[in-house]
Amino acid sequence: KELNIKLYIKRDDATGGAELGGNKIRKLEMLMCDAIAKRCDSVVTIGGEQSNHCRATAAASRMMNLSPHLILRTRRADAIERNNEGMGYTGNVLFDRMVGSTIYTCTPGEYGRLGSNTLVGSVCDHLESNGFNPNAIPVGGSNALGTWGYISAVEELMHQLETIQSEDSDFNFGHVVFATGSGGTAAGIALGLSLAHGADAHPAAEGKEAPTCHGIGVCDSPDYFYTTIASIADAMGLKKMIHSSTEDFIRSIIKVHHGKGRGYAVSSDEELRFISQFAVDTGICLDPVYSGKALYHFMTKVLEEEPEKYRGQKILFWHTGGALGTYEKGNDLLKSTSSSGSKVKRIDCFGKSDSGDTVVCKQET
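Residues numbered from 1 in each chain as written. Predicted model: local features only at pLDDT ≥ 70, side-chain atom pairs only at ≥ 80, totals over all residues. Heavy atoms only, no water.

Draft legend 1. Representation of the overall build of the protein in the model. Secondary structure assignment for the protein yields 14 helices and nine strands. Compactness check: the protein gives a C-alpha radius of gyration of 23 Å against a globular reference of 21 Å for 365 residues, within 12% of the reference. Counting only C-alpha atoms and orienting by the principal axes, one finds that the protein spans roughly 80 × 60 × 40 Å. When each of the 365 residues of the protein is scored for burial, the buried share is 49%. (Helix = DSSP H or I, 4+ residues; strand = E, 2+ residues; numbered from the N terminus. Rg over C-alpha atoms; globule rule 2.2 N^0.38 Å. Buried < 20%, exposed > 50% of the residue type's maximum accessible area, 1.4 Å probe, protein only.)

Draft legend 2. Highlighting the layout of surface pockets. Taken as a whole, the second largest pocket spans an internal volume of roughly 320 Å³. Sorting the residues of the lining of the second largest pocket by element identifies strand S1 (6-11) and helix H13 (291-305) as the ones contributing at least two each. (1 Å grid on protein atoms, 1.4 Å probe; cavity = no way out; pocket = protein on both sides within 12 Å on 5 of 7 lines; lining within 4 Å. Points joined across faces, edges and corners; volume = space filled by probe spheres on them.)

Draft legend 3. Main features of empty space enclosed by the protein. Applying the stated criterion across every chain yields a total of one cavity of 30 Å³ or more. Put simply, the largest cavity is a space of about 40 Å³. Together, Leu 157, Leu 161, Asn 172, Phe 173, Val 176, Leu 193, His 197 and Pro 211 line the largest cavity. Its residues assigned to classes, the lining of the largest cavity comprises six nonpolar, two polar and no charged. (Nonpolar A, V, L, I, M, F, W, Y, C, P; charged D, E, K, R; others polar.)

Draft legend 4. A look at the state of the cysteines. According to the stated counting rule, one finds zero disulfides in the structure shown. With no disulfide of its own, Cys 40 lies 8.7 Å from the sulfur of Cys 124, the closest cysteine sulfur. (Disulfide = S-S within 2.5 Å.)

Draft legend 5. Representation of H13 within the structure. Look at H13: 20 Å from first C-alpha to last across 15 residues, which is about the 21 Å you get at 1.5 Å a residue. Taking the largest bend as the criterion, H13 deviates by roughly 35°, centred on Phe 298. Judged by how many residues are buried, H13 sits mostly within the fold: eleven of 15 residues are covered. Ser 291, Gly 292, Lys 293, Ala 294, Leu 295, Tyr 296, His 297, Phe 298, Thr 300, Val 302 and Leu 303 are the residues of H13 that are buried. (Expected span 1.5 Å × (residues − 1). Bend = angle between axes of the 7 residues up to and from the residue.)

Draft legend 6. Structural context of the side chain of Thr 45. Summarising the element assignment, Thr 45 is placed in strand S2 (residues 42-48). Judged by relative accessible area, Thr 45 falls into the buried class, the value being 0%. Polar side-chain contacts of Thr 45 include one of 2.7 Å to the side chain of His 53. When neighbours within four sequence positions are excluded, Thr 45 is seen to be in contact with His 53, Cys 54, Thr 57, His 69, Leu 70, Ile 71, Val 120, Ile 137 and Pro 138. (Polar contact = N/O pair within 3.5 Å; in protein donor to acceptor, adjacent residues only side chain to side chain. Contact = heavy atoms within 4.5 Å.)

Draft legend 7. Here's a closer look at a nonpolar patch on the surface. On the surface, Ile 36, Met 63 and Met 64 cluster together into a nonpolar patch covering about 280 Å² of accessible area. In this structure, Met 64 sits in the loop between helix H3 (52-63) and strand S3 (67-73). (Patch = residues over 30% accessible without salt bridge, like charges linked within 9 Å, V, L, I, M, F, W, Y side chains within 5 Å. Areas by Shrake-Rupley, 256 points an atom, 1.4 Å probe, with all protein chains shown as cover. Salt bridge = Lys/Arg side-chain N within 4 Å of Asp/Glu carboxyl O.)

Draft legend 8. Quick peek at the sheet that holds S3. With parallel pairing, the four strands of this open sheet are ordered in space as S4-S3-S2-S5. Strand pairing shows two members of the sheet lacking a second neighbour, strand S4 (102-106) and strand S5 (134-136), which therefore form its edges. Recorded for the sheet is a direction-independent mean angle of 25° between the axes of neighbouring strands. Strand direction decides the pairing type here: S3 and S4, joined by five bridges, are parallel. Bridging across to S4, Leu 70 finds its partner in Ile 103. (Pairing = 2+ DSSP bridges. Axes fitted to C-alpha atoms, helices over the stretch in contact; angles between N-to-C directions.)

Draft legend 9. Quick look at unusual backbone geometry. Of note, Asn 4 is a non-glycine position whose phi angle comes to about 55°, a positive value. Positive phi, normally seen in glycine, also occurs at Arg 39, with a value near 60°. With respect to the helices and strands, the residue Arg 39 is situated in the loop between helix H2 (24-37) and S2.

Draft legend 10. Structural detail: the sheet that holds strand S6 (residues 175-180). With parallel pairing, the five strands of this open sheet are ordered in space as S1-S9-S6-S7-S8. Only two strands of the sheet have a single partner each, and these edge strands are S1 and strand S8 (254-258). Mean inter-strand twist for the sheet, computed between neighbouring axes without regard to direction, equals 25°. Summarising the sheet, S1 and strand S9 (residues 314-319) pair through six bridges and their orientation is parallel. Counted as the bridge partner of Tyr 8 is Leu 316 from S9. Contacting S6, strand S7 (212-217) and S8, helix H10 (residues 222-235) crosses the sheet at an angle of about 145° to S8. The sheet contacts of H13 involve S6, S7, S8 and S9, and relative to S9 the element is tilted by about 155°.

On their own, these measurements won't tell you what the molecule is for.
Okay, structure coming up:
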């Protein structure tokens with residue numbers, strides 16, 4: 001409030017219900033069409049134990065009459081192997097299992113040593129040897145094809161801006177902020193906004209400066225994301241359109257911040273308190289792995305480093321979803337929720353209490 005900042009939120013957390021909600025549905029729209037075109041009968045993808053991408057992919061697969069095969073990275077892989085029920089039914093895993101996904105596990109160490117593409121490839125090879133025709137989808141759905149989903153999302157945003165500008169012609173965002181975990185969403189938003197404000201500008205962008213893109217990395221380093229986004233952009237054909245190196249161009253259109261804090265999917269008390277207070281203030285749920293970690297870092301770190309840079313600005317936070325991930329953090333969030341004012345009270349239905357703080361409900365005679 002002191003900086004007179006107006007925060008807007010694009011609600012991609014509300015894109016497709018509990019099964020498909022979040023940013024992944026935009027990529028899956030492209031990736032599932034590819035699977036159908038190849039006449040595949042199954043889909044294989046990979047992510048963390050509470051992967052939003054895997055959950056959305058599993059649900060979308062069933063909707064397309066394909067069988068979902070998910071590789072989940074978890075420190076509990078060996079324990080789960082000894083006891084199948086140890087996988088549990090919490091959050092995204094519940095939905096994975098409700099739609100009948102075949103789940104394979106690996107440890108973070110195995111994931112790091114072999115790489116996600118090798119792991120996906122091994123499951124695809126196994127399925128092919130058993131007569132199936134699987135389609136491989138990379139972690140986060142972040143490849144050239146999937147990223148076109150967020151080029152389309154930016155076009156949607158520009159149409160929304162046009163509607164706003166019909167009443168306020170000067171309206172424009174100075175900054176667009178979002179979480180990045182696998183790079184595809186960041187690539188699509190940054191490239192999409194660059195195209196919208198380019199030589200063939202979208203009507204909503206004519207005469208207006210392109211907003212600064214802020215990708216808040218929730219895992220890995222900024223350099224990793226610049227390289228990953230550049231690789232995706234090259235696969236989309238960007239190299240043919242620019243005169244500099246792809247990575248130099250990417251660095252000119254997006255600022256990636258080191259926002260993982262204590263680590264991927266590891267929350268600090270400060271992050272959880274921020275998420276709880278944001279829910280109290282706005283009624284909007286941020287998840288602890290992506291959106292909550294990203295907005296916390298931007299509001300408490302980035303803004304505080306250069307506050308005058310953002311004074312009087314309109315900032316768009318692109319909410320990428322992930323609410324089901326809050327269930328795994330239930331106990332930790334409960335502590336933060338209690339401190340933010342949530343109380344549970346018993347109604348006195350017998351009229352015995354004389355406390356002024358108790359709701360008394362007596363049966364009428």
